[in-house]
Every structure is written in C-alpha cells, then in structure tokens.
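Summary of structural features
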Number of protein chains: 8
Amino acid sequence: VRQGFPEVVFAPGKTPEQIAAIAERIVGADHALLVTRTDRAGYDAVAARIPDAIFNPVARTITRSAGQVAPGRGPIVVAAAGTADLPVAEEAAICAEIMGNAVDRIYDVGVAGLHRLLAEHARLLSARVIIVVAGMEGALPSVVGGLVEAPVIAVPTSVGYGASFGGMAALLGMLNSCASGVAVVNIDNGFGAAAIASAINHLA
Amino acid sequence: VRQGFPEVVFAPGKTPEQIAAIAERIVGADHALLVTRTDRAGYDAVAARIPDAIFNPVARTITRSAGQVAPGRGPIVVAAAGTADLPVAEEAAICAEIMGNAVDRIYDVGVAGLHRLLAEHARLLSARVIIVVAGMEGALPSVVGGLVEAPVIAVPTSVGYGASFGGMAALLGMLNSCASGVAVVNIDNGFGAAAIASAINHLA
Amino acid sequence: VRQGFPEVVFAPGKTPEQIAAIAERIVGADHALLVTRTDRAGYDAVAARIPDAIFNPVARTITRSAGQVAPGRGPIVVAAAGTADLPVAEEAAICAEIMGNAVDRIYDVGVAGLHRLLAEHARLLSARVIIVVAGMEGALPSVVGGLVEAPVIAVPTSVGYGASFGGMAALLGMLNSCASGVAVVNIDNGFGAAAIASAINHLA
Amino acid sequence: VRQGFPEVVFAPGKTPEQIAAIAERIVGADHALLVTRTDRAGYDAVAARIPDAIFNPVARTITRSAGQVAPGRGPIVVAAAGTADLPVAEEAAICAEIMGNAVDRIYDVGVAGLHRLLAEHARLLSARVIIVVAGMEGALPSVVGGLVEAPVIAVPTSVGYGASFGGMAALLGMLNSCASGVAVVNIDNGFGAAAIASAINHLA
Amino acid sequence: VRQGFPEVVFAPGKTPEQIAAIAERIVGADHALLVTRTDRAGYDAVAARIPDAIFNPVARTITRSAGQVAPGRGPIVVAAAGTADLPVAEEAAICAEIMGNAVDRIYDVGVAGLHRLLAEHARLLSARVIIVVAGMEGALPSVVGGLVEAPVIAVPTSVGYGASFGGMAALLGMLNSCASGVAVVNIDNGFGAAAIASAINHLA
Amino acid sequence: VRQGFPEVVFAPGKTPEQIAAIAERIVGADHALLVTRTDRAGYDAVAARIPDAIFNPVARTITRSAGQVAPGRGPIVVAAAGTADLPVAEEAAICAEIMGNAVDRIYDVGVAGLHRLLAEHARLLSARVIIVVAGMEGALPSVVGGLVEAPVIAVPTSVGYGASFGGMAALLGMLNSCASGVAVVNIDNGFGAAAIASAINHLA
Amino acid sequence: VRQGFPEVVFAPGKTPEQIAAIAERIVGADHALLVTRTDRAGYDAVAARIPDAIFNPVARTITRSAGQVAPGRGPIVVAAAGTADLPVAEEAAICAEIMGNAVDRIYDVGVAGLHRLLAEHARLLSARVIIVVAGMEGALPSVVGGLVEAPVIAVPTSVGYGASFGGMAALLGMLNSCASGVAVVNIDNGFGAAAIASAINHLA
Amino acid sequence: VRQGFPEVVFAPGKTPEQIAAIAERIVGADHALLVTRTDRAGYDAVAARIPDAIFNPVARTITRSAGQVAPGRGPIVVAAAGTADLPVAEEAAICAEIMGNAVDRIYDVGVAGLHRLLAEHARLLSARVIIVVAGMEGALPSVVGGLVEAPVIAVPTSVGYGASFGGMAALLGMLNSCASGVAVVNIDNGFGAAAIASAINHLA
C-alpha cells in the first residue's frame, strides 16, 4: 500500500459496528480510510469513534485522509449522463479524490443531446484520464472516446428498466464501442474506475 | 396488397428453382417482385425466367417493378455506421425504393467520429423518416434521434464479435436509448425497417 | 422543443420535492409538463405548487398543458391485451394526449379470444398510428399488424410470470413478428411509444 | 412397446451403416421402424437391406410399418405457419401416421394473415388433438388454442434469424401463451409432439 | 365455455374488491368460479359476497362449483417432488377438480429416492393423464414418462436457488427429456397444466 | 507430477506436427503421454515418431504409458446415457485408465428406461467413485447419486438440440440435483472428470 | 442412512413450527439433526422442544449429534475468499463436522493477495479434501487446485454485484478452471459441498 | 491522428482486393498501416502493391511503419495464459509495437501453475502498463493485478469450450475481479487493449 493510499472497506454484508471497528483500526494505524457502499447508519457508527470522518450520502462513502498522499499528475474528469447515474459517478469522484487526484465533474451530458457534451469539449481535452459513467446511454464512452486522446474508463450502471437487464445492456454497448482508448469496469463499480484511473494518473 | 406494392419472397430455405417459380407466378400476376436474402444462384434461376429482374449483390435482393406504385411523400434517409453494416442498410434501401420511396443513403457515419455525422445534419433534417443501421455502434440511433424530429427506425445488425452476441448488444443498446422518437426492428431486418418506414412515409 | 410539446420528468430516483421543484420551473417557463412513473406522493408535492396539475394513478403520470400544442393529424389507437397491461397502455395514452393527439383506447383484446379483437376492426382501420401493449400475449402486435396498413408501435410489458422473464419473452416475440409495419420500443416504455407515434402523427 | 408401435432410431451421430444395422435388427424382430433426422445417405444404407423402407426427404424420416398398429381415435391436425417450418411439421405428421393416427395437414396459416387460419376453422374443430408448429409466429398455438377445445401441442422451431435465438423466442412465446389447453415440447421436436399427441389420441 | 366449466380470475394485479366484484358477477351468472394466485385478503372480500366460496391457502385458490360439470373419464394423477412444490401441485389439483376431474395426489416422490416413486407405480399406471410438478428435480417427468403410457404434463416450478434461475433449469431439463409422451407448460403454471390435462381427460 | 501420471496435451489449436513434437519430448522424458481432443491426423503425426502410441478414435485420445503408475484403490464406474454421449464417456474412461485406475463402463442406461439402470445396481455399488456422463438426460447423476454412497462426478455433454443450449440444460439440471454426493465438471470435460475421480481414488 | 449421519431439513418454505415438528421426530428416532438455511425464529421453535440443539447464526444451521458417527479419515479444509462468503463457508464447515469430519478453516485468502494464500500452503497440503468457497474471486479454486493433489470441491457464492449475476460469473469461472482435480456444486450450496467432501473423506 | 500512429483496417467483411486498395491509399498518404484480423490471402493482395508490408500469421496482422512515431514511455508487458490465447496476445503485442511501444511478452503463465507466473514478478514490476490475455484462466488479470501497481488491461478470449460461452465466462470473471487497477476490453479485442495501453503509455 502506497503512502497515503486508503485502505478500503466494502460495506455490504457488514454491520455498522463491524465497519466502525475496522475503520478505527485503519485510522489507528494512520492509514487513510475509504468505506464504500455504506449508509447513514454505517456513518453514525464510524463517527462515534472517528468524529472527523466525512460522509457523502450520494456517493455512499465515508472518508478520512491521513498524511500526504502522492498527487496525481493531471485532472481526472468524471462524466455522467443522467441524474440517476450520480451515485456511481460520485463514488468514482470521491474515491479518486481520496487517492490524491484532482477531479473535474461534468454531469448531465448525454448522447441524445449532443450540444451539452460538445460544449464541454475543452474540459474533456484537459483531462489526463476520463471516467465515463452511464446506464441508459451506453454509447457515451464511445462518443467521448472519439473526442479525446486520453484513456477512457467506462462504468456501466444498473440504472434503467426493461431491457437494460441491470446494466448488462450498457456493459455490452461499452464493450462493443468502436472508439479505441476505452476500457470497462464492472457494473456500478465507481471505486474500481477510480482505482485504475488513479493508477494511470500516478504513472511517472 | 396495395397497387404496385411488392410481393415478398424470403429466400432462405428455398431452392433457386422454387424461388424462380414463385417469382414467375408473382410477375405473371403483374405484381412487383421483391426477393430478399438471396444470392447469385437464386438470381440466375430467376433471370432465366424473368430477364429484366434486377439483382443487388450487396443487398442480396432481386427486384422487378410493376405498374405504378404510390410514391412516398418525402425522402427516407438510410444511415449506417460501418462498411460491414452495408448489406443490411442496402436491403433497407432497396426495399424502400421498390415500395415507392426516394432514399438518401448516408453511410460511414459513426458515434466515435462525430464530425462526419454532424456534417450531414442538413440531410438528416430533410428526411421524413430515418432508418439507422448499426452493429458495433448501437448508440447511433440515439444520437441521430437527438438531432431530428422525424421518426427513427433502428436496425441492429449482427456485425461484431466477442460480446456483440449476434446483434444482441446493439439491440439492447437501441432499446435503452434515451432519445424519444426511436423504435426498433429485429436484428438484421432491413426489410422490416423499410416496411414500417414506407408505411409511415405513405401516410396521407 | 416544439411549441406546446411537454418537458418530461422521469420520476424514479427523484424525491417528491425534487420532482415538484423541476415541475415548478417547467410550468414557470410556460411549458407543458409531463411527469412519468410517479406516484401519489410525487403528485402531492407537485400539487402543492401547481394546483391544476392532473394526476392519473393508473398511468402514473402528472400532466399540465400549456398554450397550444400542434394537433396530430389522426387518431392514435392504443390497444392492450390484459388488465395488467393497463398501466403501460395508459402511460402511452396520456403521453400521446399531452403531445396533442386524439387517442382511441381498445382494451381487453387478446389473441386467445380473437372475436373481441376482430369486432374492433373498424376502429383499428380508422387509426393513423396504432400502439399495441402486451405482456403475456406477445403475438398481439403481429395479429394487429396483419389487419391494418397503418404503422404499429409495439410495447412489450413486464407483466407475466415464469418464463416471461420480465418482458423478454414478449419483446422477442414482437421482434420476430412476421407482420410488416411493426416496430418495438423498450419493455414497459409507454412514453417512448407515445413519442414516436406522436412524431409520426405530426408528420405534415 | 405396444403392438405395431415403432422402434425409434435418432440418426444424428450414427453412421449410415450403423443406422442400417439397427434398422435391420428392428425389422427382423417384426417391429415397425422409424428413423428420424436422417438423410439420403442414411436411407440408401437402409434401403440396401430393407427395400420397402420409405424415405421422406422433407420430414427426414425412414419408416416401415409392421403388422397391425392400434388406430388412434380421431384425426390429428398438424398446423404450420411458414414453409420453413415444414420439415418439423412433416416430422410430426409422418411420426403420427406410423404410430397409427390419421393426420390432417393445415399448412401456410399464420397470425399475420388471420383469414387463412379462420378459413380452416372447421378442420381445426374436427381434430381430436392439434399439433401447431411455428418458428417466427410463436403466437400461432395461442390463437389456435382460442379457437378449439381440443388439446394443443405446440412445437417451436429454430426457424428465424436475429432475435429468434434458435427457437428460444418461439418457445418463450408459446409458454407464456394465454390460451388454456396448450402445452409445449422441445424446439424442433416434431417426433416428441407426435408421441404425446398419439398417446392422447389412443386413450380409450 | 362448457357447461359447468369455471370462469377463471387471475388475481395478481387486482384488488380484493375487484376480485370480489368479478366473482359476484360470475356466480350471479350461474357459472363455476375459479380464482387463482389469490390470498386470504382476496378470499375475505369474496366471502363477504359469496359465503359458500372455498379458499385453499396452499393452492391459493377460491372456488365455487355451479350445476353439473361434465366428469372427466379417468383419474388425473398429480405427482410432486418436494414440499416446496406443493403450492403449484395443489393449484393444479384444485383446478383439475373444479373442472370435473377426479384427482389422485402422489407427493414427496423424487428421483434421488427412487424407491418411493417406484412404490407408487400402480397408482401411476391407473391414471388417464399425469401432471408432474417439480423444481429442483427437473428429471421427474422423464422418469415418470418412462414408467407409463399415459400422456404426462410437466410443470417446472420456480423452487430452488443458485443455478435454478427461477425455474429455468427445471424447464430446460423437462424440455430435453428423452421420454416420449411428455409436454411442458410455463413455470409455476399449475392452472395451465390442469386445463390441458382436463381437456385430454374429457375427450370422448 | 506424480510418478507415471501422464503429461496432458490439449490438441485443439495445435497442428499435428506441433502435437507430435510435444509428444516426443514427453516420451523422451520418460513420462506417460495423454493427448485429448485429437483426431487421426494428429495420431498419424505422433505415430511417425512414437510407433507404440495408442489411438482411440471414439475417445479422441492418444496415450502411451511410462513405467509404473500408482494404482487407484477401487474401480471407477463410468456410466453414460446415450450413444451420442460415448465420446465424452470414453474420454473419461481412457483418461482414468492412463492415470492408473480400473474402469468399469456402464453404457446405455437412462432415466426414461429405469430398469436398465436398476439392473446394474450391484456394479454401481462396487465403485469407489462414479463418473456419470449425460446430455439429454441431465437427471441421470441425481438418480445414480440416490442409489449409492460413493462420490459421483457428473459430466454434462453438449449432445442434444433445441433447448439443450450446448449442454447448458444438462449442466443446470445436474447443479440443481437433489441428491447429495454429486459435483459437476465443465460441459464435455471427460478429462476433468477423470482427473478428480482419479485424485479421489488415489487417496490413501 | 449411515449410522450417525444426519437427517437434513432444508428450512426455506417451512414455518418454524413445521421445522420444530420435523426436528422432534428426527431426534426422537435417535438420528443426528441438521437444519440448513434457517434463522433465529426457526431455532427458537426447535429449542423449545430440543434444548440441546445448537444454532450457528452465521452458517444458519441447527445441529444436534446422535450417537457415534463414523469419523472421516483426514481433515477437510474449508477455504474462503471474502467475509461475505462466510455464511456459505460456515454452512459447509458445520455440515462437514456433523457428518463426522475434522474441519480446518482458512478464511480471508484471495487471488488478488496471493501471499496470504501461499502462507497457508502447508495447511492446504495437509487436507484430504478441500472445499473452496468464493463469489467475486471465481479463480480461487483454480489457484488452490494448482497447489495441491487433493480433490477440490468448489462452491460459487451469490456474493457480488453488477456482472456477478447472482453467482453465475463465479460458477462459470470455476467450471472453466484449468486446474485438474476440481469439481463444482450449485451456487451457495455449502451443504452439497460438505456432502460430497464427506463422502470422499469416508472412503475406506 | 497522431504523427506516425497507424490507420487501422479491420479486415473481416472486406475482400483481399478491397484491403489492398485501402492499404495502398494509406501508405500513399505516408501513414503507418495496420490491418487486423486478416489472413495470407489478404497479405498477398497487399504485398503485390506494398512489397515491404509485414505479415504476422499468428497475430493475423499486416503492418508497415511510416516516419517517426512518438515512443511510449515504458515497456508494455503482454502476458498470456495458454498457447490458444496467443493469436489475441500477439495481436495486442504487434498493435502496441506499431503504435510506438516496446513490448515484453510473458507467455505460458497461468493461475493453475503459479510458480511460472511468480518467477516473472520482476518483469511484471518493470512494466508501465500490463495487458493480460486469457480465455480459460479468467482469474489471471486479478492475480497479476495483485502483484503490481501498474494499470492492467484485461482481454478475455473466446478460447475454451463448454461453459466458456465464447469468452463470456472469462469476461465476467475479469469484471468481478477483486484486484483494483484492472479494466477490461471486448472479448478477443487485442487491438483495443493495445490502443488504450498505448494511450496510457504515451501520457506525458
């Protein structure tokens, strides 16, 4: 584990008390803390022991920095299509931040309204890595990939209904994307996207 | 069957001789002829009986007009993403033409190279109905649907490999499209797209 | 956005208060309002700010017209097979109405009792566009498509059990339909069916 | 095995010589012979030993009766939608005949052209059991089931393309059918349909 | 509708009050009543209007006979593998009874304990039609089909976990069964099995 | 690698010459040789270098023993349902033999004809481990598992058609089996079944 | 049933009272008791009648030994990757213990942190049979299988999200494993893994 | 297009003559050439016009450099599990090389034989980006990801049989991987992996 890099606690299947105990051990070892997929009950248990832990209810994260984390070299853009994709996009953004990266959020940009996306072309070009989060707009990473030279990490989300099949439609669309420079992580895996984006952004 | 509207022969599972016999009966009844999913052997058998039948090897169609067909009211645009999608796109185009519609083909436009698509915005806007054919670029109908007010008929193709699953990825992507004004026909079904597009284009 | 055409709010994932705030902004801009997939709590929040908003508990919509909407050219028939399909059928019907179309509802017609469907042949023939909504009777659009020349928009529903797979069986049945003139939208997507049907019905 | 009831040889995976050897043993034991899913090469090998064996190239069967088979009590109707479904329909018909049943074939009836089906209502009503074979028209058994009181055995076929998924779409459509009195056998299993239809038709 | 044959109300999606109103209309018309997939609340509403309606909490049915129903010709055996399959098995049994058939229940027989099944061979042989209900033991219909000459209607159930996929594993197993004389209805469709079994059992 | 245990060459994707070269190296190192999924061309290339290599055209194996292999403790029974399952069954049997086990083959036993299976009860009881190979009869391992106390390794095969889905139906049926004492290997993986069966049979 | 081997009660679908009644009958017959997939309510009902029954809330089991059970010959290792996999791992462990086996638990070992797994190599080598339980780390059985000669029983779990598809991803990964000596049981089936592991471990 | 970056021709669906014509145009414009998924016939047609084009029959590529390509900053490791994965691994390697990257190939390393992989730890650590190619060993990227800090691009291959489902099993396994720092491209998409790896490796 790199200096300052967080230890990660995946909350599902753990009680608030278990989460708090693990968190206390991590902070006691002077490591940065990152709890993902948690909720207010998890936060309350953690806050009772670690008052300066920070809860983000949209991202469903608890974080607490520790010492110096090596800074990423450039900004990471997190782009998302719909409001329903924000929990995953924010998970990616918060995780990338605790890993030492500057994050530029570009939300509410979709392929059915191209002008909003094209209006942000300059910000997209300024990114060293781009994370694209989308459920019903599985084409977004492909469109973004065609606009930039930076590597693009695509995150399908389970948002949608009918033939979205819990994110499978978005996942398949992203894998079949024709734009080169795009790779994909698991459905809803904002943390995983942040992890590889940060690894890329910390390359010397 | 409307005056001039073709009788359709779906070739798979029929021998060249069977196709030719059906075709001869259709032409003898003074109906327009449309054979789909055929090949040169099918055409040779038909041409021996109907010398002025026309074969399109890309669209895999045999056609012969008959009398006056009611003209569609405006142009139908057929847009396609990749060269591998052309057989389905041409099937749609040829079928739409024999049904009495003027067809404007816009090929080689994809979401990973938006500028080529945006450069054709005027032609897209001039269409009364748009057929969008795509395999690896399942997002194309959604992008087109965001650029126009005309109804869009999307045709997923079985082009692709890996996780394209014989067109299933494109089909799901099109169904989950966020653009309103888009509906979908079966994978590779260029004829079906032409049939509903023509029905729309012939509405008084 | 065309004059009078509604701005659409997709309710899932939004709190009643968020829905009400967006609705107030839309109505304040003098646009027509359409909220889909909402419930009574959503309506109560909206009604506190927009007393003349109309709630349809079956369609799960909140609507409020604004100024003149261009009228569609002919009636849109919405046909549905079973009572369990009514929420989707009503979503299609209410959406089509707020978009300026006259809607003729033909409910409780199924392929297993053909006489009820055949008794409505005249109403089907009078439609400019037909929306067919069905879950367990995936064959209904195909049968209807064989009875008319108008374009048919098919909406599979997630109604059913066992091997219905959340509407997948109906979706596949509709895509494989032999009748020409049929296209399909996403499972349960009554709004999407209304959007393309209205686009067709507003063609000059 | 009932007197006169055939012994069945499923040809795939067996050489012509193996088929012929088994057939010779069956005929030598004075049993009726039924080979399914065979081809001309299989027949040539059998005919060299059993000159009066009968080959049906559409049904892909070799048959030879033996002694008296108990006759079924009424006619079995075999109905099929498209010409591509005929191999499965004929397999069902030939198998039912060798099992002692009178078979009435009603072919080229589909749900997209209801009048042809309704014109055969009397023949459908005269059946003691009905076998309905369909690939792209998965709704046909449901429509037939609504027109009669007799039990209906549905056979999905692998005919189709795109989202037909080798007969899965037809299978799912048939299972979700709303008509009561319908049950389903495996995709392309004309023999299996004949077997249960014959069992029903031989009930005292 | 045959004399005495029930009118069927499929309860899901209907309120108790709606069920009761439909039931009252059916009974008022002197028809037999069959409500499926209901619960105690549905029964309470019905019983307030039709005091002699009968509720079966395992089968989840409400029934009330009316006049004479034509009797089936022989017993229908309903066989089931596990206790978790009993709701579907009882639905089949109750439905078959209200349709005029004598029902013989053989429960707790599975392929992993063959002796219990073989001990009931005589009862199986006495049946005119057999309904086999199984979730985790998809092989049961095949085994039963090998023991009798009567037609077998197989009902896969959604009982199971892991790779049972909501009954899909049982459904596929039953369709691939090697025993002839077996056909399948939809997952959990006890009513549908009773309907075709009764149709068979009422054949003259 | 244990003394005498074969080195395994999986032939698909390798040229006959490549197979022969690897085989020569293995034999030169005085190891036992096992080539799986090969054909006569592969054997001819191997035999040119290793004249005493043995080809089994049904099992599609090439084998050559080397020195002493530790003998398994008891017989391994390989049971198979249909003739089409024999290539996989023989692959399992030959592999088990070259690994030092005595193999007892029980073929042509299926659940639809229980008497043939029950007639072999004594041989099944004599086995230390049982491998059950089946495609269309996915229930066979469950039935066998109910008859013995020995561990059962089930091998689904891709034999079948229609809804067998390349062995998936058999695989799911075997996984959902109610009999305890059964575990499963990959579809058509006769070698894998032999490997774990041999590991069990060599336990001290 | 072997002396001391438990009778198993699968709790889902049974009321606490039903479970307790069955348990009382089993214990009254002097058999060992094993209830799986139960909860505290089930235990409370059992404990009211059988005070010395033991509840394991993680494994979700109720157990009570009875007389002498034949001891397994060596230790069974139960290895698990993540904390979320513990309920299934503990079900396997508790079931193996009540069947007479010594169990050695190795938890929190995953392929992404190989050193923890390699540090336990000696304990893995000491096992006579190994059960490997994993959801998100479907590769664990393959890695373990490469480190030992003992037979490995793999248990996929439904732990995970996104493209884990309820354990299907883990199941497929385990089936495609390249390590020989691995077989698989149903998703989450800790009991089934224990049953075959114990059968192997009791081989003379 | 960056200076020296190749123009890519995806060969499937194009005739050798078409490929050669496109290649001639690319080389005439002084661009680097990369043809993927081609064969000797494609190469012969290209070589007739471009004698110094290079054919790699394993990678199925035709390449020809042009001027200076910006060099990647560090080595890209391409790791592959089995010999059957080599075509995809070589496609990735050749593509990465023509894009200006130094490539270090580590082949024949799998999770079932960990020692071979661990023996290459130093080479893995020296990579700036790692491409891991695997079909039957879907766990390999996860294991590699746990050994390094560099970003890992995983490429599932369609190698395998039975429940590998054309690479789907490997794809799902890679997506569910617990190691952070791993992202995935489409099945068999060696080119896509090279494209994003090169984009990462060219970051300033």
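Presented here is an overview of the structure given in this document. Bear in mind that the values here come from a model prediction, so they are computed numbers and not experimental data.

Next up on the list: the sheet that holds strand E4 (residues 61–64) of chain D. All names here are of chain D. Strand order across the open sheet formed by 4 strands is E1-E2-E4-E3, with mixed pairing between neighbours. Every interior strand has two partners, whereas the edge strands, strand E1 (7–10) and strand E3 (54–56), have only one. The mean inter-strand angle of the sheet, taken between neighbouring strand axes irrespective of direction, is 15°. Relative to E4, strand E2 (residues 33–36) runs antiparallel, the two being bridged by 3 bridges. For leucine 33, the partnering residue across the bridge sits in E4 and is arginine 64.

How big an interface is tends to be reported as the loss of accessible area on association of its parts. Tallying the contact residues gives 25 residues for chain G and 25 residues for chain F. Overall, the association of chain G and chain F removes approximately 2,200 Å² of surface from exposure, summing both partners, and the carbon and sulfur fraction of that is 65%. One can count 0 salt bridges joining chain G with chain F. One can count 5 residue pairs in polar contact (both at pLDDT 80 or more) joining chain G with chain F. Listed by contribution, the elements that provide at least two residues to the side of chain G that touches chain F are strand E8 (152–156), helix H7 (168–175), strand E9 (182–184) and helix H8 (190–201) of chain G. No other element matches H8 of chain G, which puts 5 residues into the side of chain G that touches chain F. Residue composition of the side of chain G that touches chain F, by class: 17 nonpolar, 4 polar and 4 charged.

Moving on to the packing of aromatic side chains. Throughout the structure, instances matching the rule amount to 16 aromatic pairs over all chains. Sitting over the face of the ring of tyrosine 161 of chain F, arginine 37 of chain D holds its NZ or CZ atom 4.3 Å from the ring centroid.

On to the interface of chain A and chain H. Counting from both sides, the interface comprises 25 residues of chain A and, opposite them, 25 residues of chain H. Where chain A touches chain H, the interface holds 0 salt bridges. At the boundary of chain A with chain H, the tally comes to 6 residue pairs in polar contact (both at pLDDT 80 or more). When contributions to the side of chain A that touches chain H are tallied by element, the ones reaching two or more residues are strand E8 (152–156), helix H7 (168–175), strand E9 (182–184) and helix H8 (190–201) of chain A. With 5 residues, H8 of chain A is the largest single contributor of residues to the side of chain A that touches chain H. Across the side of chain A that touches chain H, the residue classes tally to 17 nonpolar, 4 polar and 4 charged.

Cut-offs applied
Residues numbered from 1 in each chain as written. Chains lettered and ligands numbered in written order. Predicted model: local features only at pLDDT ≥ 70, side-chain atom pairs only at ≥ 80, totals over all residues. Heavy atoms only, no water. Pairing = 2+ DSSP bridges. Helix = DSSP H or I, 4+ residues; strand = E, 2+ residues; numbered from the N terminus. Axes fitted to C-alpha atoms, helices over the stretch in contact; angles between N-to-C directions. Contact = heavy atoms within 4.5 Å. Buried area = accessible area lost by both parts, 1.4 Å probe. Salt bridge = Lys/Arg side-chain N within 4 Å of Asp/Glu carboxyl O. Polar contact = N/O pair within 3.5 Å; in protein donor to acceptor, adjacent residues only side chain to side chain. Nonpolar A, V, L, I, M, F, W, Y, C, P; charged D, E, K, R; others polar. Phe/Tyr/Trp six-rings, centres within 6.5 Å; stacked < 30°, edge-to-face > 60°. Lys NZ or Arg CZ within 6 Å of the ring centre and 35° of its normal.

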